[in-house]
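# Structure assessment
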Amino acid sequence: MSQRNPTVSPSPSPAWQTLDEFTLPNELDSERLALLKVTEAVRDLRLPAAHLERLKTAVAEATLNAIEHGNRLRPDLPVLIRVQVSEKALRVCVTDQGKNGPFPKPEAPNLEAKLSGQQALRGWGFFLIEKMIDSLRVTGDKAQYTIELFLYLEGGNDDQKNF
Amino acid sequence: MTKKIFEAAVRYQSGAATLDLCGELTGLADDMLNVAYTTAESQNPEVIFLNFAEVDYINSTGIAVIIGLLARARHASRTLIAYELRPFYAQLFDLAGLSEYMPILTQETDSSVPA
């Protein structure tokens, strides 16, 4: 299903080296497998522990989002994950097969509203993703939806994120 | 990958109950954790402690489960206190604003936490 640390990048951009690319079954706990495989893929980069924790959480939440909202829990639709690195950044692309068009940015979570029943208890995933990584990009068409997570290898937002 | 099962055990102290949590805290733990919380409530404790010492993974759906417990505690005028969270998850709880509603302690540094 995956190869670890291939030396030749199939990426369209020569600046990006693909570390791993794999598909996951569309099951609720596949996000754990995703973060384990991404952790293994970036092992040789020796990321600082705080960076790695942030990356793992962002990947897990993006994968969960793909499983639940993109693929709508359909077992026949896989989630594709690609891990790439350049000189300056790490990029993880999480792609689902949800033919739902552009993903609307969810309502910002409001804890008081959740506690008082005015807002659903859930809805933290995108919030956490945004807080964990340095930047993100979402792309989609009628066939697929991809969220790209970027973690800068130098000069990221660690101070601002307080992680 | 071995699937870890979430578990929650209940024990009581004077005026308080403790839920010892173990495993992965995700949305899949919702039913089990709420059943354990209901058991803890049965003795009408003023305080319910959540012991996260054996919790090795929490995701956004797990945070939502905890918020559900917090809403139940607030409705019943109970205090919910978390302790022994891994530092990264303590930061996530803080980021989500949970620490404003639920003290997050370390067992080693707070004598109010039951042994």
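If you're wondering where the values come from, they're calculated on a predicted model, not measured in any experiment.

Further remarks concern the overall build of chain A. When helices and strands are tallied, chain A shows five helices and five strands. When the helices and strands of chain A are read in sequence order from the N terminus, they spell out β-α-α-β-β-α-α-β-β-α. Every one of the 163 residues in chain A was classed for burial, and the buried ones make up 47%. The contacts in chain A between residues at least 6 apart in sequence include a share of 60% that link residues at least 24 apart. Here chain A displays about 8,300 Å² of accessible surface, and carbon together with sulfur accounts for 51% of that area.

We now examine the packing of aromatic side chains. Within this structure, the stated rule accounts for five aromatic pairs over all chains. Ring centres 5.6 Å apart and planes at 75° place the aromatic pair W124(A) and F127(A) in the edge-to-face group. Just as W124(A) is buried, F127(A) falls in that class too. Summarising the aromatic geometry, the rings of F88(B) and Y89(B) are spaced 5.7 Å apart at their centres and angled 65° between planes, so their arrangement reads as edge-to-face. Given a relative accessible area of 8%, F88(B) falls into the buried group. The class of Y89(B) is buried, set by a relative accessible area of 5%. Sitting over the ring of F22(A), K37(A) keeps its end group 4.9 Å from the ring centre. Directly above the ring of W16(A) sits R91(A), whose terminal nitrogen or CZ lies 4.2 Å from the centroid.

As a further point, take the nonpolar core. Formed by 68 residues in total, the largest nonpolar core has its most connected members in I81(A) and F52(B). Once residues lying within four places of it in the same chain are set aside, the contact partners of F52(B) are L21(B), L25(B), I58(B), I66(B), A82(B), Y83(B), E84(B), L85(B) and F93(B). Grouped together as the second largest cluster of nonpolar side chains are six residues, V47(B), F49(B), Y83(B) and L105(B) included.

Residue and element names in this part refer to chain B. Spatially, β1-β2-β3-β4-β5 is the arrangement adopted by the five strands of the open sheet, whose pairing is mixed. Only two strands of the sheet have a single partner each, and these edge strands are β1 (7–13) and β5 (104–105). Where β1 lies against strand β2 (residues 16–25), seven bridges are found, and the strand directions are antiparallel. Bridge pairing links V10 to L19 in β2.

Next up on the list: the sheet that holds strand β3 (residues 89–96) of chain A. Residue and element names in this part refer to chain A. In spatial order, the strands read β1-β2-β3-β5-β4; together these five strands make up an open sheet with antiparallel pairing. Looking along the sheet, the strands with just one partner apiece sit at the ends: β1 (17–24) and β4 (135–140). Each adjacent strand pair in this sheet contributes to an overall mean axis angle of 15°, direction not counted. Contacts from helix α2 (residues 49–70) reach β1, β2 (79–85), β3 and β5 (145–152), with the element oriented near 175° to β5. Each of β4 and β5 is contacted by helix α4 (residues 125–132), which is oriented at about 35° to β5, the strand it contacts most.

Turning to helix α3 (residues 87–95) of chain B, a few remarks are in order. It helps to recall that an α-helix has 3.6 residues per turn; residues three or four apart then point in one direction. All names here are of chain B. Every buried residue of α3 is accounted for by F88, Y89, L92 and F93. Across the axial projection of α3, the buried residues extend over an arc of 140°, all falling on one side. Residue G97 follows α3 closely and has a positive phi angle near 90°.

What counts and how
Think of each chain on its own: its residues are numbered from 1, step by step along the sequence as written. Whichever chain is written first is A, and whichever ligand is written first is 1; the rest continue in order. In keeping with the predicted nature of the model, local features appear solely for residues at pLDDT of at least 70, side-chain atom pairs appear and are counted solely at 80 or more, and the whole-chain, interface and lining totals rest on all residues. The side-chain numbers reported here are obtained from all heavy atoms of the structure, hydrogens and water having been left aside. Strands are runs of DSSP state E lasting at least 2 residues, helices are runs of H or I lasting at least 4, and numbering of each runs from the N terminus. Burial status follows relative accessibility: with a 1.4 Å probe on protein chains alone, a residue under 20% of its type maximum counts as buried, one over 50% as exposed, and anything between as partly exposed. Contact criterion: two residues are considered in contact whenever any of their non-hydrogen atoms come within 4.5 Å of each other. The Shrake-Rupley method, run with a 1.4 Å probe sphere, supplies the accessible areas, and residue values consider only the shown protein chains as cover. Any two of the Phe, Tyr and Trp rings considered here, Trp counted by its six-membered ring, make a pair once their centres fall within 6.5 Å; the pair's planes then place it as stacked at under 30 degrees, edge-to-face at over 60, or tilted in between. Our definition puts a charge over a ring when NZ of Lys or CZ of Arg is within 6 Å of the ring centre and also within 35 degrees of the ring normal. To form a nonpolar core, buried Ala, Val, Leu, Ile, Met, Phe, Trp, Tyr and Cys residues must be joined to one another through side-chain atoms within 4.5 Å. Should DSSP find at least two bridges between two strands, the strands are taken to pair. Interaxial angles span 0 to 180 degrees and are taken between N-to-C directions of axes, which are lines fitted to C-alpha atoms, for helices over the stretch in contact. Arc, as used here, means the arc of the directions from the helix axis to the C-beta atoms.

Read these as layout, nothing more, since geometry by itself doesn't imply function.
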